[in-house]
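Here is how the chains run, residue by residue.
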Amino acid sequence: MNQQFDELIFQVEHIVPKKHHGPTESGNLALACFACNNHKGTNLTGIDPEGGGVVRLFNPRRDNWEDHFEWEGALLLGRTPVGRATIDVLAINLDYRCALREALIEEGVFP
Ligand SMILES: [Zn+2]
């Protein structure tokens, strides 16, 4: 993986992918970085690493971020099955991504 993925400008992604007939309208679109968007792909669900159940992914248009996630330094923690599954599917805590966030924390620009 290339560290520069997280430095690219955001992409407009379909929350419910076009493959699953998600419309191209504001209520179904969100900004996502290249890495998150590409790891999400056409997924609608993931498996909760703690509970093992299949759960839907976080919906940035409907869900409250703080209900599902919290930062522990450079590591993103899931507070709910939805949060944990989303972190897993989007590979948000891959080593290179945490290393980039640690560098940003040292610069005082993250979170
Ligand atoms: Zn991202």
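Preceding this section is the structure that the text describes.
All values derive from a computational prediction rather than experimental measurement.

Peer 1: With reference to specific residues and values, describe the coordination of the zinc ion.
Peer 2: Expected angles at a metal are 109.5 degrees for tetrahedral coordination by four donors and either 90 or 180 degrees for octahedral coordination by six donors. Within the first shell, the zinc ion binds the protein through Cys-33 (SG) and Cys-36 (SG), at distances of 2.2 Å. Across the pair, Cys-36 and Cys-33 agree in class, each one buried.

Peer 1: Provide a residue-level description of helix α3 (residues 81-89), including the pertinent values.
Peer 2: By the criterion of burial, α3 is predominantly enclosed, with seven of the nine residues buried. Every buried residue of α3 is listed here: Val-82, Gly-83, Arg-84, Ala-85, Thr-86, Ile-87 and Val-89. Structurally, α3 contributes buried residues whose contacts are with α1 (34-40), β3 (45-47), β4 (54-56), α2 (65-68), β5 (69-72) and β6 (75-78). Following α3 by one or two positions, Ala-91 has its phi on the positive side, about 55°.

Peer 1: Talk me through the pairing of β5; I want residue IDs and the actual numbers.
Peer 2: Strand residues, when the strand is regular, have side chains that alternate between the two faces of the sheet. Taken together, the four bridges between β5 and β6 define a ladder with antiparallel strand orientation. Within β6, the position partnered with Glu-72 by the bridge is Leu-75. Turn length for the β5-β6 hairpin, with the two strands adjacent in sequence and antiparallel, is two residues, and the turn residue Gly-73 shows positive phi of about 65°.

Conventions adopted
Residues numbered from 1 in each chain as written. Predicted model: local features only at pLDDT ≥ 70, side-chain atom pairs only at ≥ 80, totals over all residues. Heavy atoms only, no water. Donors = N, O, S within 2.8 Å, 3.2 Å for Na, K, Ca; no water. Buried < 20%, exposed > 50% of the residue type's maximum accessible area, 1.4 Å probe, protein only. Helix = DSSP H or I, 4+ residues; strand = E, 2+ residues; numbered from the N terminus. Contact = heavy atoms within 4.5 Å. Pairing = 2+ DSSP bridges.

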